[in-house]
Amino acid sequence: MAGDISIKNLMSTFSVCCPLDLKKIGMEGINVEHKNGIVHKRFRNPKATCTIYSSGKVSIMGNNSEEDAKKTARQCARMLQKLGFRVRLNNFKVVNMLGTCTMPFGIKLAQFAKKQPRDKADYEPELHPAVTYRLKSPRATLKIFSTGSITVIAPCVENISQAIKQIYPLVEPHSTKLQEDVIAKKKMKKVKKQTRRKLEDSENTGGGKGSRGGTSSRKDNKSRAPLGVIN
Amino acid sequence: MNRVSCPHHPEANLIEDYHAGDMICPQCGLVVVDRCIDVGSEWRTFSNDKATSDPSRVGAAENPLLSGGDLSTIIGKPSGSSGYGENGQAKYQNRKQVSSSDRALLSAFREISHMSDRINLPRTIVDRTNGLFKQVHEQRSLRGRSNDAIAAACLYIACRQEGVPRTFKEICAVSRVSKKEIGRCFKLIIRAIEANVSLINSGDFMSRFCSNLSLPTSVQKAATYVANKAVELDLVPGRSPISVAAAAIYMASQASKEKRSQKEIGDIAGVAEITIKQSYRLMFPKAMDLFPEDFKFVTRVEDLPAP
């Protein structure tokens, strides 16, 4: 049975229906960076980055959920409106999202890559330590690591969960027991993240409240798509 | 191909007697063909000869598979005083018209031969690389990429297909392209021409690395065994086979008379010292199981350096 999938990164685009003067945005906008003919604007809440082109197309990266992405898009359009452009939030589309999932076992990549057809699985240990698996029927790209972590890049959450469902029976025959230190490292990573979030939390609230009750409050920031039992 | 054969012994392979220009049946001694013409070249050409006195009347060998039958006529250099006009320049200029597609191919082939010369690759690999490059060039799906990158990637693929893979870093060392770009072109080419490349193995690099480190064959064999065993026992999950090979060489050399430091091995293999240390750390606990049974330990397993 696979673990929960968490959405880590969302890439979306929209268009304001007018050409933009990047120089003006770069000078008068807040939290903007004008580089190489592109403006990058960073948002704090929700945390994301917008890449603004002079044609009026905007691409947003770094969100954790689709609602957040829409919110960021609206914030960006509002900012451009305040700067004086006649904007309209047009054609908002979530292009890609990155989801991660961990298998409870390690995976023997060399064996796995040998069994798969060459056009689907790509394993070059010199270039990247993961097997890149491309699925066509839910359109998705999966990166399968030897620790059992799988990252999926697909246009929607449905695709991601279907992709993981498809890959699980392919990966399971090549499972191995994870080494002790790898398991310990994974646990440390989780603990480190939790303590880091606790610190961030206490910063945000001005240090007054200290730590909130455990990390359960953090769950709503990440979209979790529970998989359920896979047979 | 035996188009002619002895009438009495049709199965026999005819022997060519080039002194007399005869083809003779070895069974009965019958001269089957006489006055057969030797189709070899008239004069031998060496690369260090100056181009001025080349007595060959036919020019270089045709490159049949690759450049599309370049049967053109070239105006030669002026030989006597009448060849020069009023201003002291040659009267008839040599306008050799190489077709533009051939020009790109020819310059790429030159680059490929330079690269393979630097790492002493045999002719078979160079020919295979040229063939791959032409295939990629005709397909045109990698048009925007620099020809040097495509050439380097083709060289990498050719080495792999011939069963003697070179690491990306080794190819990078003889080419001016970055490893990233070569890797990208490699992936694109594999998809474009649907080539088949097998996964790399630690053992493929053992002979080259060990001979560069002047290690005896006993150490090389032991290192190969150690690397294979380590992968089999899954001690080094997620590590590149090159790093595993380097760590195996370190372990085997440290157990033998010819000890090599991690830095030396790292220089030869193109692996960072830290990476060797990490892989060695993973393999060290099971060192006793990794060595072959008949290995002669100069330094025992207990005395191997700690990772």
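Since the structure is predicted, the reported quantities are computational estimates derived from the model, not experimental observations.

Parameters at a glance
- Residues numbered from 1 in each chain as written.
- Chains lettered and ligands numbered in written order.
- Predicted model: local features only at pLDDT ≥ 70, side-chain atom pairs only at ≥ 80, totals over all residues.
- Heavy atoms only, no water.
- Helix = DSSP H or I, 4+ residues; strand = E, 2+ residues; numbered from the N terminus.
- Buried < 20%, exposed > 50% of the residue type's maximum accessible area, 1.4 Å probe, protein only.
- Contact = heavy atoms within 4.5 Å.
- Areas by Shrake-Rupley, 256 points an atom, 1.4 Å probe, with all protein chains shown as cover.
- Buried area = accessible area lost by both parts, 1.4 Å probe.
- Salt bridge = Lys/Arg side-chain N within 4 Å of Asp/Glu carboxyl O.
- Polar contact = N/O pair within 3.5 Å; in protein donor to acceptor, adjacent residues only side chain to side chain.
- Nonpolar A, V, L, I, M, F, W, Y, C, P; charged D, E, K, R; others polar.
- Pairing = 2+ DSSP bridges.
- Expected span 1.5 Å × (residues − 1).
- Axes fitted to C-alpha atoms, helices over the stretch in contact; angles between N-to-C directions.
- pLDDT = per-residue confidence, 0-100.

## Some remarks on the overall build of chain B
A tally of regular secondary structure across chain B gives twelve helices and three strands. Here chain B, with 307 residues, has 36% of them falling under the buried criterion. Taking contacts inside chain B between residues at least 6 apart in sequence as the whole, the part at least 24 apart equals 59%. By element, 48% of the accessible surface of chain B is carried by carbon and sulfur atoms, the whole surface being about 19,100 Å².

## Observations regarding the interface of chain B and chain A
With 23 residues of chain B in contact, the opposing surface of chain A contributes 16 residues. Both faces combined, the contact of chain B with chain A buries some 1,500 Å², and carbon together with sulfur accounts for 55% of it. It is Lys-187, Leu-199 and Asp-234 of chain B that lose the most area in chain B upon contact with chain A, and together they represent 31% of the buried surface on that side. The tally of links from chain B across to chain A stands at one salt bridge. Close ionic contact of Glu-124 of chain A with Arg-160 of chain B constitutes a salt bridge, the shortest N to O distance being 2.6 Å. Run the count over chain B and chain A and you get seven residue pairs in polar contact (both at pLDDT 80 or more). Per element, the largest residue contribution to the side of chain B that touches chain A is six residues, and it comes from helix α6 (residues 179–193) of chain B. Along the lines of polarity and charge, the residues of the side of chain B that touches chain A split into twelve nonpolar, five polar and six charged.

## What to know about the pairing of strand β5 (residues 57–63) of chain A
Residue and element names in this part refer to chain A. The pairing of strand β1 (residues 5–15) with β5 spans six bridges and is antiparallel. Counted as the bridge partner of Ser-12 is Ile-60 from β5. Note: strand β4 (residues 48–52) against β5, four bridges, orientation antiparallel. Looking at β5, one finds that Ile-52 is bridged to Val-58. Between β4 and β5, which pair antiparallel and follow one another directly, the connecting turn spans four residues, one of which, Gly-56, has a positive phi of 105°.

## Looking at the pairing of strand β11 (residues 149–154) of chain A
Residues and elements named next belong to chain A. Examined bridge by bridge, strand β6 (residues 90–102) and β11 share six bridges and lie antiparallel to one another. Counterpart to Gly-99 in the pairing with β11 is Val-152. What sits between the antiparallel neighbours strand β10 (residues 140–144) and β11 is a turn of four residues, in which Gly-148 has the positive phi angle 100°.

## Let's talk about helix α9 (residues 241–255) of chain B
Under the 1.5 Å per step criterion, the end-to-end length of α9 of chain B is 21 Å for 15 residues, consistent within 8% with the ideal 21 Å. Counting buried positions along α9 of chain B yields 15 of 15 residues, so the element is predominantly enclosed.

## Observations concerning the side chain of Asp-122 of chain A
Topologically, Asp-122 of chain A is positioned in strand β8 (residues 121–122). Since its relative accessible area comes to 18%, Asp-122 of chain A is described here as buried. With near-sequence residues (within four places) excluded, Asp-122 of chain A lies in contact with Ala-130, Val-131 and Thr-132 of chain A together with Lys-187 of chain B.

## Comments concerning unusual backbone geometry
A cis amide bond links Asn-45 of chain A with the next residue in sequence, Pro-46 of chain A, at an omega value of 5°. Although it is not a glycine, Asn-36 of chain A sits at a positive phi angle of roughly 55°. Checked against the element boundaries, Asn-36 of chain A lands in the loop between β2 (32–35) and β3 (38–43). Even without glycine at this site, Ser-214 of chain B takes up a positive phi of about 55°. Relative to the helices and strands, Ser-214 of chain B resides in the loop between α7 (203–212) and α8 (217–232).

## So, the sheet that holds strand β2 (residues 22–24) of chain B
Strand pairing in a sheet relies on backbone hydrogen bonds, with the paired strands running either antiparallel or parallel. Residue and element names in this part refer to chain B. Spatially, the three strands line up as an open sheet ordered β1-β2-β3, and their pairing is antiparallel. Two strands lie at the open edges of the sheet, namely β1 (15–17) and β3 (31–34), each paired on one side alone. Averaged over all adjacent pairs, the angle separating strand axes in this sheet is 25°, with direction ignored. The pairing of β2 with β3 spans three bridges and is antiparallel.

## With respect to the confidence of the model for chain B
Caution applies to low-pLDDT regions: their predicted coordinates should not be interpreted in detail. The predicted model of chain B has a mean per-residue pLDDT of 86, with 89% of residues at 70 or higher. When mean pLDDT is taken per element in chain B, helix α4 (residues 147–161) of chain B scores highest with 95 and helix α1 (residues 64–67) of chain B scores lowest with 67.

## Some remarks on the pattern of salt bridges
Residues and elements named next belong to chain B. Enumeration over the complete set of coordinates arrives at twelve salt bridges over all chains. Lys-134 is the partner of Glu-138 in a salt bridge, and the nearest nitrogen-oxygen pair spans 3.5 Å. Here Lys-134 and Glu-138 lie together in helix α3 (residues 123–139), a separation of four residues that amounts to about one turn. Look at Lys-134 and you get buried, because its relative accessible area is 17%. Notably, a salt bridge pairs Lys-263 with Asp-267, separated by 3.5 Å at the nearest N-O pair. Here Asp-267 and Lys-263 lie together in helix α10 (residues 262–269), a separation of four residues that amounts to about one turn. Residue Asp-267 is classed as exposed on the basis of its relative accessible area of 57%. Linked by salt bridges that have partners in common, Arg-145, Glu-181 and Arg-184 make up one network.

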